[in-house]
Structures are given as C-alpha cells and as structure tokens.
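Listed below, chain by chain, are the residues.
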Amino acid sequence: MVSDKRVHRLITRGEIQVLCLLLLYTSPLSCFSNFSPLIYKIKEGLPKGTLIGAIGTDLHLDFSVDPPLLFNLAQKKINEQYVELNNTTGELFTSAVQMDRESLCADRGEGQSCSLALDVFILPQQYFQLVKVKILIEDVNDNQPRFPSAEIRVTVPENALVNTRFAVEQSAVDPDLGVNSVQTYWLDNDFGVFTLDVEENEGGELTPFLIVTEALDREWQAEYVTDIIAEDGGSPPLTGTATLRVIISDINDNCPKFTEAQVNVTVYGNATRGTQLARLHAFDSDLGGNAQITYTYSERVTRDTRNLFHLNRTSGVIKLAGKIDTNTAKLYKLTVLANGPACIPDVAAVTIHVIKVVSGPPLLVPRYIAAERDGMVSLKESEPAFTPIAFFTVKNSDPRQRVECMLEGSGPFKLSPYERFKNEYLLETTEPLDYETRQEYELTIVGRSVHGAVIKTVVRVQVEDENDNAPIFKQSMLEIFVEENNAPNTFLTKLQATDADSGSRGEVVYLLGSDAPTIFHLDRQVGVLTVTTSLDREEKETYRFMVRAVDRGSPRRESIATVIITVQDRNDNSPRFINKDFTFFVPENFPGFGEIGVLSVTDADAGENGWVALSILNGSDIFVIDTGRGALRAKTSLDREQQGTYYLWIEAVDGGKPALSCVTMVTVLLLDVNDNPPIVLFPQSNQSYMLVLPSTLPGTSITEVYAVDRDTGMNAVIAYSIVKRLGGEPGSFDIDPNTGNITLRKTLSDRGLYSLLVKVSDHGQPEPLHSTVMVNLFVNETVSNESYIQSLLLRQAEIEIEESIGPRETHQWIQDRRVFPCQPVLIALSATCLGLFIMVVSLSVYISCRKLRKHKKKRLEVEIPLKMNSDMQPVDRKLMEISNI
C-alpha cells in the first residue's frame, strides 16, 4: 500500500519525466518503448462527446487487475485542447473545441494528411506503458468557394478571334481538399458570345478561361456583365459567385477618309493675309485616340508653298499666310494628307487659282449672326425656317463698279439683298434643317463685277443634332412561342430598336412596360428578353405586355412595342375524372344500349394532349362506353335477380406522346322492378288436403300458406288473403295477412271438405303481382274414404277457381296452364274418373273401391297452376316444378 501511494504521488504533471527515468530501470516495459501508434480517423467539426476511440480496448488490456488501470495525457499541449480522455476507461472523446482541419493544418497541401499526435500514460507502475495516439482528421465540405474580389474584370479586344481564350486570373479559392475543393466554373449568362473552360495546372489548381464564341463589335456592345459561379464537388455541392465584367476594348480598325478628294479654290492676288481659303474635313469611325486625325502637307509641297498657305493640323483649315506674287504663279496645287494612328494617310488635292488684280477688286466681308468658328457655322436642326446665318458686305474702292452676289451650293439656303442697305446681302435658311438627312453643307458666295471680276467666299454650315427622333422598334409586335415547363432564365428573344440621333441621343435603353409580369426580365442594354421561371400553360397560356425603347437625349423620347408570348402545351397533365368513383342506379330490365350514365373526364392539356379516349378494362362483354361522350351502356337488358351489382374499371387515356392515363371505378346498381310474382312453396299442390278434427277448438292454428318473392323491398313484401270459400260453414277459418297462418275461427259443426282459395299478393308498384293456391281442409274424425275426398277435389277445383278469379285472371290462368303440357291429360283423366265414379255408384262398395284404387294408382298428382306472368323465365318454371314435387 505504501508503494502504491508513492507511485500516485509521483504521477503529478511536473514529475512525469522523473517517473519515466525511475521506470526505465524498474519496469519491464520501458517508458520509451517503441510501439506502433494507435491511429484513429475522425471527420472535422464533430460535436463535443463524440467517441474517437477506446485505447484500453484496442490494446486488449485487462481491466480486472488490481489496482485498476489509469489513463493520463502526458501534458496539456495545444493539440490536446480538442480531446478529452476518460481516466478509467481510456476512451477518447472530442471536446467542446471543434476540430477545424483548415485551421489546424493550414500549411498542409493537397495529398498531405492532417493529424493530431497525443501521448497517453497507462498507470500504475507495474502496468506502465506509453501509448502514441495519432488522430487523422478527415476533410468535410464545410467551406464554399470564394473569389478574391466581388467583381472581376476581363478586357477583350473587339478583334479577338473566335475560340480565343482569356484567363480569369482571380479564380476562386476553397480551403477544402480533394473533391470538396473547386471542381468547375460556369457563367450565369453567356450572351451567346462567350463560354467558359477550365484548365488544371501541374499543381492541380483550376483556372477558368473565357472563350470567345462569336465575333465581337465594340460599337455594338462595349461591355458584358454576368455572374461567374464556382462549384465544389461536395455533397451537396457549395458554390461561390462573383460579378464578371467583360470590357470590349476598341482597336484601330478604321482609318481617316476625306469627305472631298478634290477641292478647288479661287483667290485674288491682292487677298489679305489670314484670308481662309478652304477647310478640309476627314472622319474616322473609331473613338478616342484611334479617331484622332492630323492634317499635313505631302512632301511634294514645297517649303515656300507651305509658308504661303498655312494648314491647321487639327482643323484642316487652309489660310493665306503671306502675300501672293501674281507675277510668278497663277496656280498652286496642294496635296493634303489625313493621318490616323497606324493608318495609311488619305489624300486630298487642293487647287488654288490666283486671279491677277489690275485695280482694286471688290471684297466680300462676312459678318456672322450664327455661331461661327474658323469659317464653320453651327446651326441646330431645331432652328425654324428663315433663320439668319450671316451678312455679307460688298466693299469696292470704285463706287462705279456694280457687284452682284449669288449663292452656289445645294441646300435649304438663300442669299438675298438686304433692302435697307446697299451692298448688303443676307444668308438665311429656307426651311428647317435635319441632321439625320445631312450633317454639313458647303456654300459659296460668289460676287461678280461688271468688268468680269469674280470674288468668292466659302461658308460651311454644320448641323447640330438634337433629340428629335424617338427609337424605332424593328418590329412593333413580337410573337414568341415557348414550350411550358421551360428551364428558368430561358432566352425568349432579342429586341432591336434604332435611333437616328447621334451620340447619347441615339443610345437606346430597353425597359419593360408597367403591365409586364414580374417573371420576365429584359436586359436594359442589349434588349435580351428572358423568363426567370418555368411557365405552365394550364395556369396561363398567353402573356401580352408592352416593352419600351428609351433614348438618353433630353428630353427623352421613347417608343413601344407589343410582346405576345404563347405558351405551347406539353403533355404534362393526365386525364382526371370529375369524381373519384361513379355509382349509377339503373332499373332492371333497362333496355339494351340505353344510357346508364355519363362519365365526365377532363384533361388540362390542349390539342391532342387533351383528347381523351375511354375504355372498359373489365366487363366489356356486357357493357360498352361511348368514347366521345363517356356514356356507359349495357349491351343487353340486365336482370337484378341474376346479378344485382356490377363493378367496372374505366380507363381514360389522352392523346399525348407518351400517353398519360387514369382509372376510375364505376358501380352499377340494379334497382328492383316488380317482375316476379310470389311463389307458393306450401302447400305444394292444390289437390292436397289436411284432416281437421271437429273437436278442434277455435283459435287453433291449423296450417299455413308459405310463399316467397324473388324481388326485393316492397316488391317482395307478401300479403295473404282468402278470396273464396267452398264447402262447410262460411267464415270458419281465418288467415293472417302477414304470416299466412290459418286458424280456426269458430267451432266446427259440419263435417266435410272446406276449400279456401288463398290469394298471395306482393306490394309492388305500379301494379302488384299475385298467385293463388287452394287450401283443402277435410273436417272429420278420420279419413275413411280417401277416394271420395279425391273425387270432391277434382270436381270442384276448376269450377270454383274459375268462379273465384275474374275473367282477366281466368285468361291468365288458362295461359299459365299452357305452360304445363301435361295439364290437359290430367284434366281429361280426372273427368273420366268422375264419370266412372257415377256409373258404378250402384255397384257394390267393394267393386267401386277397387276401381277407385286402381284409378288412383294411375293418376298423377294434379296441381292447379298458380297465377303468374306469361313472361316467367324457364328457370322460374323449373323451380316451381321442383317445389311442387
């Protein structure tokens, strides 16, 4: 006990190493024994208390030893904050601090495992063991891909060839490993001109590449904005999104072009320095630096000529820079180049004619009313007709010279003398200008003197654009057809509208009208119309709304177009019966092919998909169904007594491909019709009789009449009544109308045969059916002469029955007799016997009795036929014959 306590004192945390040194010499197991570590695998992020492993069990230790085993962690390192060790069982659990593989093993790359290493001591001294535990932490998909920035910009030149690839350098990062890392990328909208490919480098990193699939044009669309989505391979997969902005950069794909390749200018030799001779104009469709134009002289133009005629490099204006020497030259030819970046210069030829002046020539001095710069007058296209442009004053040193001015050039302009002053001319418009028709005019003011002197001044009029044109849709009504159950964000159409105005005034923005449902989306810049959700034709078949095309001018102008979207049907609805099941009540004996009932079935689809055909899955040998109306009919008349209920399965199949169907159950219940008269089961014969003692007390039950009816309900409720009494005292017997029980009503004083004609009637509607039976009661102490009784029965049977029933019933009875072919023979036999009986009455009783007995042996039991309908089935006759027997 002392040694044990000493060991427990030594296992304090500060004395672990000293203990190891002591045990090195005292324990059979060295503290530093080389054992293979225990390896456990767990997933990261497990909650507190999750079992990692049982060290004692896995080492097959004996827990029954005394003193008991103790398990301790060597020291509380950082790794051990994630686990808890049960000191008595050696079970290792996760702690409250969850393991995050990405935090613990941030420096581990792909293919390198992430693990925690633990040292566990097993005590006391005699069982000491150092156990190495290695916990492998497996990755789970707990991180979604993330892009380094919310917006990624990729610049693509407009002349990029199809299939050109551009790397999206800012690829997504996912701290997870393996399949849980980024596996693929895609674009939310590729605009039909891009696609996305993914390449993997040697290090396993994925880089998305933007691929051009169609030719680009910066002038058509300068920018594309969509979402790039990165998805990992986890289950379920996680995604990350960033905005991808594709900028189409301009290239110098256009070169300057002169509007006029040949320009002729006339100038007088005494023209003053600074006089504007011409203005050259070239244009370049590019923008920015690619559209910069500089005007220069060709190397063919001499230095002296360049000095005489100054060319503005930016505006293209040629002015007189010196004094013309009319004695040396009368004609100058200038070659002017329009230069653009990386372009071959365009060439224009300028010919200057110098007119020699003998005396002071007249001069035309312009005074501009409209805005003017370097001889270029600017007018807005909204200016009304007769807008003044400039005054031209003719100055002549010789008052005797008369100068007339006229206007050369096309356009809505006129030059007229100003009435109030001499030698004043007014240049003005004759009608409003239209920028979309023509942007620039060149007018020449020509003055001629009486001596033939000619002077010219060139005026250029530039028309300034205004927002006077609304966008125009290529189609004012667009009809679009789309199948239902489409995928979300399905492309529907691309709207196209143009605006004749220039600059921002001609830029078109597309907007949905206020009546457009929210499920539709229209790209403001390119006019792509999409539907954001799946459409259902059965919910709504046609969508009609307005779209607007609005320019960016001031004030803004717009136009509208109508979009009609028709949702085309797909066979996505099976036929449906209006009821879960059907029950039809039909009277029996209903005529064949009569309409039993109608099965209503609907199909929400249209066209062939909504056409429904009905068929009978069972019972088609008895029933038929009208495919069009759904009317159910029986091929023959039905008899409730044979079968009262029919169960049919009806299938409805539509005309779609593949066809859809549904099944319903139809129950046909036959209602009873009073078509069966009561059948008397007792007494079995009209010739039978019963002995009644005269001493029978009144109230005694003598016998009963028992009958059945194959119908149901009130048609089968039977009532009994006595309709005729023959022989004996009248009123001696009564019959219970409900049970058919015959009782003695009063004391019998007369002997002999009492015959009761009993009518058995049902309660059917509209007319009850009935049968009759003769109940014979022989009142006597004994039956001493049976032959006599039989003769009485034969003699009065037909007569009395015919008297009891009416003519109609008699006729029916006669008809019923025909049903039995042996009945005439029986009647004839009975008549013969009766005759023989009268003839031999005088003979001795002995001889008469012998003859009667002989006759009895030959005679068959005679049965008065019961009243029944002439249309009784053969089965009913057979049943009657059997019951009579």
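Residues numbered from 1 in each chain as written. Predicted model: local features only at pLDDT ≥ 70, side-chain atom pairs only at ≥ 80, totals over all residues. Heavy atoms only, no water.

### A closer look at the side chain of Asn 609
Turning to step 1, where the next piece is worked out: Its location among the elements puts Asn 609 in the loop between strand E45 (601–602) and strand E46 (612–616).
Turning to step 2, where the next piece is worked out: Of the residues examined, Asn 609 reaches a relative accessible area of 16% and is grouped as buried.
Turning to step 3, where the next piece is worked out: Reaching out from Asn 609, the side chain makes a polar contact with the side chain of Asp 569 at a distance of 3.0 Å.
Turning to step 4, where the next piece is worked out: Apart from the residues lying within four places of it in its own chain, the contact partners of Asn 609 are Asp 569, Arg 570, Asn 571, Asp 603, Asp 654, Gly 655, Gly 656 and Lys 657. (Helix = DSSP H or I, 4+ residues; strand = E, 2+ residues; numbered from the N terminus. Buried < 20%, exposed > 50% of the residue type's maximum accessible area, 1.4 Å probe, protein only. Polar contact = N/O pair within 3.5 Å; in protein donor to acceptor, adjacent residues only side chain to side chain. Contact = heavy atoms within 4.5 Å.)

### A few points about the state of the cysteines
Turning to step 1, where the next piece is worked out: Applying the stated criterion across every chain, the model contains two disulfides.
Turning to step 2, where the next piece is worked out: Bridging Cys 105 to Cys 114, the disulfide has an S-S length of 1.8 Å. When the S-S torsion is 75°, as for the bridge of Cys 105 with Cys 114, the disulfide is right-handed. Residues Cys 105 and Cys 114 agree in their burial class; the two are buried.
Turning to step 3, where the next piece is worked out: By sequence-ordered numbering of the bonded cysteines, the protein chain has its disulfides arranged as 1-2, 3-4. (Disulfide = S-S within 2.5 Å.)

### Quick notes on the packing of aromatic side chains
Turning to step 1, where the next piece is worked out: Taken as a whole, this structure holds 16 aromatic pairs when the rule is applied.
Turning to step 2, where the next piece is worked out: Both rings, one in Phe 121 and one in Phe 128, keep their centres 5.3 Å apart while their planes meet at 45°; by these two values the pair is tilted. Residue Phe 121 shares its accessibility class with Phe 128, and that shared class is buried.
Turning to step 3, where the next piece is worked out: Note on Phe 258 and Tyr 295: the rings are 6.1 Å apart at their centroids and 45° apart in plane angle, and the pair reads as tilted. Placement of the pair is Phe 258 in strand E15 (residues 257–258) and Tyr 295 in strand E19 (residues 294–297), with a sequence separation of 37 residues. A single burial state applies to Phe 258 and to Tyr 295, both of which are buried.
Turning to step 4, where the next piece is worked out: Through a chain of ring-to-ring contacts, the aromatic side chains of Phe 191, Phe 194 and Tyr 224 assemble into a single cluster. (Phe/Tyr/Trp six-rings, centres within 6.5 Å; stacked < 30°, edge-to-face > 60°.)

### Some thoughts on the environment of Tyr 435
Turning to step 1, where the next piece is worked out: By the element assignment, Tyr 435 lies in the loop between strand E30 (424–429) and strand E31 (440–449).
Turning to step 2, where the next piece is worked out: Note on Tyr 435: relative accessible area 19%, which makes it buried.
Turning to step 3, where the next piece is worked out: C-alpha of Tyr 435 to C-alpha of Glu 466: the two residues are 31 residues apart in sequence and 7.9 Å apart in space.
Turning to step 4, where the next piece is worked out: Those residues in contact with Tyr 435, other than ones at most four positions away along the chain, are Glu 381, Val 463, Glu 464, Asp 465 and Ser 502.

### Section: unusual backbone geometry
Across residues other than glycine, the phi torsion is negative in most instances, and most of the peptide bonds are trans.
Turning to step 1, where the next piece is worked out: Note the cis peptide between Ser 554 and Pro 555, where omega equals -5°.
Turning to step 2, where the next piece is worked out: Following the sequence through the fold, Pro 555 ends up in the loop between strand E40 (542–551) and strand E41 (558–568).
Turning to step 3, where the next piece is worked out: Residue Pro 683 is reached from Phe 682 by a cis peptide bond, and omega for that bond is 0°.
Turning to step 4, where the next piece is worked out: Along the chain, the position of Pro 683 falls in the loop between strand E51 (679–682) and strand E52 (689–692).
Turning to step 5, where the next piece is worked out: One non-glycine residue with positive phi stands out, namely Asn 589, at about 65°.
Turning to step 6, where the next piece is worked out: With respect to the helices and strands, Asn 589 occurs in the loop between strand E43 (581–587) and strand E44 (595–598).

### Structural notes on the pattern of salt bridges
Turning to step 1, where the next piece is worked out: Scanning the entire structure with this criterion turns up 26 salt bridges.
Turning to step 2, where the next piece is worked out: Across the pair Arg 245 and Glu 151 runs a salt bridge whose closest N-O atoms are separated by 3.2 Å. Of the two residues, Arg 245 sits in strand E14 (residues 239–249) while Glu 151 sits in strand E8 (residues 151–157), which places them 94 residues apart along the sequence.
Turning to step 3, where the next piece is worked out: Judged by its relative accessible area of 18%, Arg 245 is buried.
Turning to step 4, where the next piece is worked out: Judged by relative accessible area, Glu 151 falls into the partly exposed class, the value being 31%.
Turning to step 5, where the next piece is worked out: Taking the shortest distance from any N to any O, the salt bridge between Lys 414 and Glu 428 comes out at 3.5 Å. Within this pair, whereas Lys 414 is found in strand E29 (residues 413–417), its partner Glu 428 is found in strand E30, the two being separated by 14 residues in sequence.
Turning to step 6, where the next piece is worked out: A network of salt bridges, in which partner residues are shared, links Glu 151, Arg 153, Glu 223 and Arg 245. (Salt bridge = Lys/Arg side-chain N within 4 Å of Asp/Glu carboxyl O.)

### Here's the deal with the confidence of the model for the protein chain
Turning to step 1, where the next piece is worked out: Confidence in the prediction for the protein chain averages 81 pLDDT; 84% of positions are at 70 or higher.
Turning to step 2, where the next piece is worked out: Low confidence marks residues 801–822, where pLDDT is under 50. Its contacts with residues over four positions away, or in another chain, come to 34 contacts.
Turning to step 3, where the next piece is worked out: Low pLDDT, under 50, characterises residues 854–885; the predicted model gives this stretch 70 contacts beyond four residues in sequence or across chains. (pLDDT = per-residue confidence, 0-100.)

### As for the environment of Phe 309
Turning to step 1, where the next piece is worked out: In this fold, Phe 309 is placed in strand E20 (residues 309–311).
Turning to step 2, where the next piece is worked out: Along the backbone, Phe 309 and Lys 319 are 10 residues apart, and their C-alpha atoms lie at a distance of 5.7 Å.
Turning to step 3, where the next piece is worked out: When residues no more than four places from it in sequence are discounted, the contact partners of Phe 309 are Leu 277, Tyr 297, Ile 318, Lys 319, Leu 320, Tyr 332, Leu 334 and Ile 352.

### Regarding the pairing of strand E12 (residues 206–212)
Turning to step 1, where the next piece is worked out: Counting buried residues along E12, six of its seven residues qualify, which places the element largely inside the surrounding structure.
Turning to step 2, where the next piece is worked out: As judged from the three bridges shared by strand E9 (residues 165–167) and E12, these two strands associate in the antiparallel manner. Note that in E12 the partner of Ala 167 across the bridge is Phe 209.
Turning to step 3, where the next piece is worked out: Bridging between strand E11 (residues 194–200) and E12 involves seven bridges; their strand directions are antiparallel. Following the sheet pairing, Thr 195 is matched in E12 by Ile 211. (Pairing = 2+ DSSP bridges.)

### Some thoughts on the sheet that holds E46
Turning to step 1, where the next piece is worked out: One open sheet holds the four strands; their spatial order is E43-E50-E49-E46, and the pairing between them is mixed. One side of each edge strand has no neighbouring strand; the edge strands of this open sheet are E43 and E46. Looking at each pair of strands side by side, their axes are set apart by 25° on average, direction ignored.
Turning to step 2, where the next piece is worked out: Strand direction decides the pairing type here: E46 and strand E49 (residues 645–654), joined by five bridges, are antiparallel. Within E49, the position partnered with Leu 614 by the bridge is Ala 652. (Axes fitted to C-alpha atoms, helices over the stretch in contact; angles between N-to-C directions.)

### Some words on the sheet that holds strand E7 (residues 129–138)
Turning to step 1, where the next piece is worked out: Strand order in this open sheet of four strands is E1-E7-E6-E3, and the pairing throughout is mixed. Two strands in the sheet have a free side with no partner beyond their single neighbour: strand E1 (38–43) and strand E3 (70–73). Each strand axis lies, on average, 30° off the axis of its neighbour in the sheet, ignoring direction.
Turning to step 2, where the next piece is worked out: Note: E3 against strand E6 (residues 115–123), four bridges, orientation antiparallel. In the strand pairing of E6, Phe 71 is matched with Ile 122.

### Re the side chain of Ser 95
Turning to step 1, where the next piece is worked out: As for its position among the elements, Ser 95 is in the loop between strand E5 (91–94) and helix H4 (101–104).
Turning to step 2, where the next piece is worked out: In this structure the side chain of Ser 95 is engaged in a polar contact, spanning 2.7 Å, whose partner is the backbone oxygen of Gln 81.
Turning to step 3, where the next piece is worked out: Residues contacting Ser 95, with those up to four places away along its chain left out, are Lys 48, Gln 81, Tyr 82, Val 83 and Glu 84.

### Focus on the environment of Val 653
Turning to step 1, where the next piece is worked out: Topologically, Val 653 is positioned in strand E49.
Turning to step 2, where the next piece is worked out: With a relative accessible area of 24%, Val 653 lands in the partly exposed category.
Turning to step 3, where the next piece is worked out: Distance from Val 653 to Asn 609, taken between C-alpha atoms, is 9.7 Å for residues 44 residues apart in sequence.
Turning to step 4, where the next piece is worked out: Non-local contacts of Val 653, meaning those with residues more than four positions away in its chain, are made with Pro 575, Trp 611, Val 612, Ala 613, Ala 659, Leu 660 and Ser 661.

### Thoughts on a nonpolar patch on the surface
Turning to step 1, where the next piece is worked out: A cluster of nonpolar side chains, namely Leu 617, Trp 649 and Val 663, defines an oily patch on the protein surface of about 290 Å² accessible area.
Turning to step 2, where the next piece is worked out: Tracing the sequence through the fold places Val 663 in strand E50 (residues 661–671). (Patch = residues over 30% accessible without salt bridge, like charges linked within 9 Å, V, L, I, M, F, W, Y side chains within 5 Å. Areas by Shrake-Rupley, 256 points an atom, 1.4 Å probe, with all protein chains shown as cover.)

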